[in-house]
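Below are the chains, spelled out letter by letter.
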Amino acid sequence: MKNSKLALLLSLCMTAGMFAPALAADSEPLDMVVDASLMPTRAAGAVCGVLIGMPVAAVRQTYKNYVSMTTSMADKIGGHECGPSCAVASIGTIPASIVVGTALGIYHGGKNGINGFNQPFNPQSFSVTKDYEE
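The structure presented is a predicted model; accordingly, all values stated were derived computationally and were not measured.

A. Main features of unusual backbone geometry. Phi at Phe 121 takes a positive value of approximately 60 degrees, unusual for a residue other than glycine. Phe 121 sits in the partly exposed class, given a relative accessible area of 43%. Of note, Ser 127 is a non-glycine position whose phi angle comes to about 60 degrees, a positive value. Counting through the fold element by element, Ser 127 comes out in the segment after α4 (83–114).

B. Expanded view of helix α3 (residues 39–77). End to end, α3 covers 55 Å across 39 residues, agreeing with the expected 57 Å (1.5 Å per residue, within 8%). Taken as a whole, α3 carries its principal kink of about 35 degrees at Gly 53; the proline Pro 55 stands between one and four residues after it. Within α3 the residues assigned to the buried category are Gly 45, Ala 46, Gly 49, Val 50, Gly 53, Ala 57, Ala 58, Gln 61, Thr 62, Asn 65, Thr 70 and Ala 74. Where α3 is buried, its residues touch α4. At the C-terminal side of α3, Gly 79 shows a positive phi close to 105 degrees.

C. Highlighting the packing of α3 against α4. Look at α3 against α4: their axes get within 5 Å of each other, and the N-to-C directions meet at 150 degrees. Between α3 and α4, the crossing angle belongs to the class labelled roughly antiparallel. The interaxial crossing formed by α3 with α4 has right-handed handedness. Residues of the contact of α3 with α4, tallied by class, amount to 20 nonpolar, 18 polar and no charged.

D. Summary view of the side chain of Thr 93. Examined against the element boundaries, Thr 93 turns out to sit in helix α4. A distance of 2.9 Å separates a polar atom in the side chain of Thr 93 from a polar atom in the side chain of Thr 70. Discounting chain neighbours no more than four positions away, the residues touching Thr 93 are Tyr 66, Met 69, Thr 70 and Met 73.

E. Up close: the packing of aromatic side chains. Applying the stated criterion across every chain, the model contains zero aromatic pairs. Above the face of the Phe 117 ring, Arg 42 is positioned so that its terminal group lies 6.0 Å from the ring centre.

F. Local environment of a nonpolar patch on the surface. A contiguous nonpolar patch, built from Met 73, Ile 77, Val 88 and Ile 91 and spanning about 390 Å² of accessible area, is present on the exposed surface. Listed by contribution, the elements that provide at least two residues to the nonpolar patch are α3 and α4. Residue position: Val 88 is located in helix α4.

G. The arrangement of the state of the cysteines in detail. What the rule picks out here adds up to zero disulfides. Looking at Cys 82, it has no disulfide partner, and the nearest cysteine sulfur is the one in Cys 86, 7.2 Å off. The exposure class assigned to Cys 82 is partly exposed, which follows from its relative accessible area of 34%.

H. Molecular detail of the environment of Gly 45. Mapped onto the elements, Gly 45 comes out in helix α3. For Gly 45, a relative accessible area of 0% translates into the label buried. Spatially, the C-alpha atoms of Gly 45 and Ser 125 are 8.3 Å apart, while their sequence positions differ by 80 residues. In this view, Gly 45 contacts Gly 113, Gly 116, Pro 120 and Phe 121; residues no more than four positions away in its chain are not counted.

Cut-offs and rules
Along each chain, residues carry numbers from 1 onward, in the same order as the chain's sequence is written. Note on the predicted model: pLDDT of at least 70 is required for a residue's local features to be given, and 80 or more for side-chain atom pairs to be given and counted; whole-chain, interface and lining totals, by contrast, use all residues. The side-chain numbers reported here are obtained from all heavy atoms of the structure, hydrogens and water having been left aside. The rule is simple: take the accessible area with a 1.4 Å probe, protein chains only, and divide by the maximum for that residue type; under 20% is buried, over 50% is exposed, in between is partly exposed. Under the scheme used here, helices are H or I runs from DSSP no shorter than 4 residues and strands are E runs no shorter than 2 residues, and both carry numbers assigned from the N terminus. The span one expects for a helix is its residue count, reduced by one, times 1.5 Å. At every residue, the bend is computed as the angle between two fitted axes, covering the seven residues ending there and the seven beginning there respectively. In what follows, residue pairs with any heavy atoms lying within 4.5 Å of each other are defined as contacts. Angles shown run from 0 to 180 degrees and are taken between the N-to-C directions of axes, each axis being a line fitted to C-alpha atoms and, for helices, limited to the stretch in contact. An angle below 35 degrees is read as roughly parallel, one above 145 as roughly antiparallel, one from 65 to 115 as roughly perpendicular, and any other as oblique. Handedness of a helix crossing follows the sense of rotation of the near helix relative to the far helix, less than a right angle counterclockwise being left-handed and clockwise being right-handed. Each residue is assigned to one class: nonpolar for Ala, Val, Leu, Ile, Met, Phe, Trp, Tyr, Cys and Pro, charged for Asp, Glu, Lys and Arg, and polar for all the others, Gly among them. In the analysis that follows, any N or O atom pair within 3.5 Å is treated as a polar contact, provided that within protein one partner can donate a hydrogen and the other can accept it, and provided that, for residues neighboring in sequence, both atoms belong to side chains. The aromatic pairing rule takes the rings of Phe, Tyr and Trp, using the six-membered ring of Trp, and pairs them if the centres are within 6.5 Å, calling planes under 30 degrees apart stacked, those over 60 edge-to-face and the rest tilted. Two limits define a charge over a ring: the Lys NZ or Arg CZ must be within 6 Å of the ring centre, and within 35 degrees of the ring normal. Candidate patch residues must exceed 30% relative accessible area and have no salt bridge, after which like charges are joined if within 9 Å and Val, Leu, Ile, Met, Phe, Trp or Tyr side chains if within 5 Å. The Shrake-Rupley method, run with a 1.4 Å probe, gives the accessible areas here. Residue values count only the displayed protein chains as cover. In what follows, salt bridge is the name for a side-chain nitrogen of Lys or Arg lying within 4 Å of a carboxyl oxygen of Asp or Glu. When the sulfur atoms of two cysteines come within 2.5 Å, that pair is taken as a disulfide.

Next comes the structure, spelled out in structure tokens:
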């Protein structure tokens, strides 16, 4: 009986001690408590943003690099409006755009996904918006 009362008293003191810094703040007293309660949501937003945003950004960057590389390479061969010159240019630009697009997509998707910590589950953190950060 005596041990349970002591344990209850200690747990109440520890609970009050956790919230004491929040109550001592100059600004809004419960901002730290609210921020602490949002921590699981923010962490889940960042993790989901990275896990979903990286593949999306990699596909988008691969396509973007393929179009720009093929256009510039085909212009050197015979013009980007000529089908055979685009086909010849694609022999080299497909593997290059896959490698470069995947690397850039991992970088940009990770960076956008981490920004999901500040704004959880924002479409920009998943790299699906039209003007995602590059």
